[in-house]
Amino acid sequence: MSLKIEHLVKVYGSQSAVNDISFEARQGEIVGFLGPNGAGKSTTMKIATCYLTATSGKVEVCGYDVEHSAMDVRKNIGYLPEHNPLYLEMYVKEFLEFIGGLYQLKGANLNKRIADVIELVGLSLEQKKKIGQLSKGYRQRVGLAQALIHDPKVLILDEPTTGLDPNQLAEIRAVIKNIGKEKTVVFSTHIMQEVEAICDRVVIINHGKIVNDTPLSSLKQSG
Ligand code: ADP
Ligand code: ADP
C-alpha cells in the first residue's frame, strides 16, 4: 500500500481538525479527497508529508511511518501545496535545479530528472522562461514538476486546479491523469466535478470524519 492512514487524529489547541480517519491509496490510483473548506484535508496531507505531526494515529508512505522514518517518507512523497510559493524571478530550469538540490540530486542525474519532469508535465516550450512570465496554468505545471523532481511514488496535490481557465483546466487534468498511471495520486479538492473528471475513487471528508470511501463508478451509477 503506497499511502496508509489509520485512525489519524489532529487537535489544534482545543479544536479537533481530524477526528479518527482511516483510508488507503494504491499505486496507479488517483484518489479524490473531497470535502468543504475546513473539513481537514490540508491537515491530513500536511501530516502525510511530514509538515505537521499527528496527535495520534498512524500514517505510512510506502511502508515508512511518518513519525519514525520522516527521511524515507520525504523521499517517497511529492507535495504540491495549495498556496505553492514559486520563485517568480527564477527561470523554470533554474528553479527545478534548486529544488532538485534540496533532494541531493546533482550533475547528470539532476539534468536527466529535470528533462524527464519537464516532458511529463508539458513544459518543454516554456522551460527557458522565468516563472513570473508564465500563465497560471503553466505555473501549476512548474509546481507539479517540482513535486515530481525526486521521482516520488506518491503525489499529494492540494486543490491543483483551482482558478484555472477551461483550457488550462483540461490540460492539467490530462497531465495529472497521465501521472496517475504510474504513481499514487491523492487529489484534494472541494469540487465534485474535479473528482469526476480525474479520479478513480473518492474519499469524502466532512468535519474531520470520513463520510464515504467508494469507487467513482459506483457513485456515478447511484446518481
Ligand atoms: P481543509 O484543508 O479541508 O480546508 P484544514 O485541514 O485546513 O481543512 O482545516 C481543518 C480545521 O482545522 C479547520 O477548522 C481549520 O480552521 C483548523 N485549522 C487548520 N490549521 C490550523 C492551525 N494551524 N491552528 C488552528 N486551527 C487550524
Ligand atoms: P488551506 O487553504 O491550504 O487549507 P488555509 O489557508 O486554511 O490553508 O491556512 C493557511 C495556514 O493557516 C495554514 O498553515 C493553516 O494551518 C493555518 N490555519 C488555518 N486555519 C487556522 C486557524 N483557525 N487558526 C490558526 N491557523 C490556521
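Rules behind the numbers
- Residues numbered from 1 in each chain as written.
- Chains lettered and ligands numbered in written order.
- Predicted model: local features only at pLDDT ≥ 70, side-chain atom pairs only at ≥ 80, totals over all residues.
- Heavy atoms only, no water.
- Pairing = 2+ DSSP bridges.
- Helix = DSSP H or I, 4+ residues; strand = E, 2+ residues; numbered from the N terminus.
- Contact = heavy atoms within 4.5 Å.
- Axes fitted to C-alpha atoms, helices over the stretch in contact; angles between N-to-C directions.
- Near = heavy atom within 4 Å.
- Polar contact = N/O pair within 3.5 Å; in protein donor to acceptor, adjacent residues only side chain to side chain.
- Areas by Shrake-Rupley, 256 points an atom, 1.4 Å probe, with all protein chains shown as cover.
- Parallel < 35°, antiparallel > 145°, perpendicular 65-115°, else oblique.
- Left-handed = near helix turned anticlockwise from the far one by under 90°.
- Buried < 20%, exposed > 50% of the residue type's maximum accessible area, 1.4 Å probe, protein only.
- Right-handed = clockwise from strand over helix to strand, strands pointing away.
- Disulfide = S-S within 2.5 Å.

Draft legend 1. Quick look at the sheet that holds strand E1 (residues 3-12). Read across the sheet, four strands follow the order E2-E1-E4-E5 without closing on themselves; strand pairing throughout is antiparallel. The open sheet terminates on both sides in strands that have one partner only, identified here as strand E2 (15-25) and strand E5 (64-65). Bridge count for strand E4 (residues 56-61) against E5 is two bridges, and the pairing is antiparallel. In the strand pairing of E5, Glu 60 is matched with Asp 65. Along the sheet, helix H1 (residues 41-48) contacts E1, E2 and E4; its crossing angle with E1, the most-contacted strand, is approximately 120°.

Draft legend 2. Main features of the pairing of E2. Relative to E2, E1 runs antiparallel, the two being bridged by eight bridges. By the bridge assignment, Leu 8 is partnered in E2 with Ile 21. Remark: two residues form the turn of the hairpin made by E1 and E2, two consecutive strands paired antiparallel; Gly 13 in that turn has positive phi of roughly 60°.

Draft legend 3. Structural context of the environment of Pro 85. With respect to the helices and strands, the residue Pro 85 is situated in the loop between strand E6 (77-80) and helix H3 (92-102). The spatial distance from the C-alpha of Pro 85 to the C-alpha of Gly 143 is 8.9 Å, given a sequence separation of 58 residues.

Draft legend 4. Representation of the site of ligand 2 in the model. If you check the shell around ligand 2, you find Ser 42, Lys 46, Glu 82, His 83 and Asp 158 and nothing else. In this structure, an oxygen atom belonging to ligand 2 sits 2.8 Å away from a side-chain N or O atom of Ser 42. The side chain of Glu 82 places a nitrogen or oxygen atom 2.8 Å from an oxygen atom of ligand 2. For ligand 2, whose accessible area on its own is 550 Å², the fraction buried by protein is 28%.

Draft legend 5. Quick look at the packing of helix H5 (residues 136-148) against helix H6 (residues 166-179). Viewed as axis vectors pointing N to C, H5 and H6 meet at an angle of 15°, and their least axial separation amounts to 9 Å. Taken together, the axes of H5 and H6 lie roughly parallel to each other. With respect to the hand of their crossing, H5 and H6 are arranged in right-handed fashion. Contacts between H5 and H6 involve Lys 136, Gly 137, Tyr 138, Gln 140, Arg 141, Leu 144 and Leu 148 from the former and Gln 168, Glu 171, Ile 172, Val 175, Ile 176 and Ile 179 from the latter.

Draft legend 6. How the structure looks around the site of ligand 1. Around ligand 1, the neighbouring residues are Tyr 12, Gln 15, Ala 17, Pro 36, Asn 37, Gly 38, Ala 39, Gly 40, Lys 41, Ser 42 and Thr 43. Between Lys 41 and ligand 1, the recorded distance is 2.9 Å, taken from a side-chain N or O atom to an oxygen atom. Those elements giving two or more residues to the shell around ligand 1 turn out to be E2 and H1. With three residues, the top contributor of residues to the shell around ligand 1 is H1.

Draft legend 7. A look at the pairing of strand E7 (residues 154-158). Counted residue by residue, E7 has five buried out of five residues, so it is predominantly covered. Alternating residues of E7 divide into Val 154, Ile 156 and Asp 158 and Leu 155 and Leu 157, and every residue in both groups is buried. Pairing between E6 and E7: four bridges, direction parallel. Along E7, the bridge assignment pairs Leu 80 with Leu 157. Pairing of E7 with strand E8 (residues 184-189) involves five bridges; the strand directions are parallel. Each residue of the ladder has a partner; that of Leu 157, found in E8, is Phe 187. Handedness of the crossover joining E7 and E8 through H6 is recorded here as right-handed.

Draft legend 8. Representation of the state of the cysteines. In the structure shown here, the tally under the stated rule is zero disulfides. Not engaged in a disulfide, the cysteine Cys 50 finds its nearest cysteine sulfur in Cys 62; these two sulfurs lie 12 Å apart. Take Cys 50: its relative accessible area is 16%, and that puts it in the buried class. Just so you know, Cys 199 is unpaired, no disulfide at all, and the nearest cysteine sulfur is the one on Cys 62, 19 Å from it.

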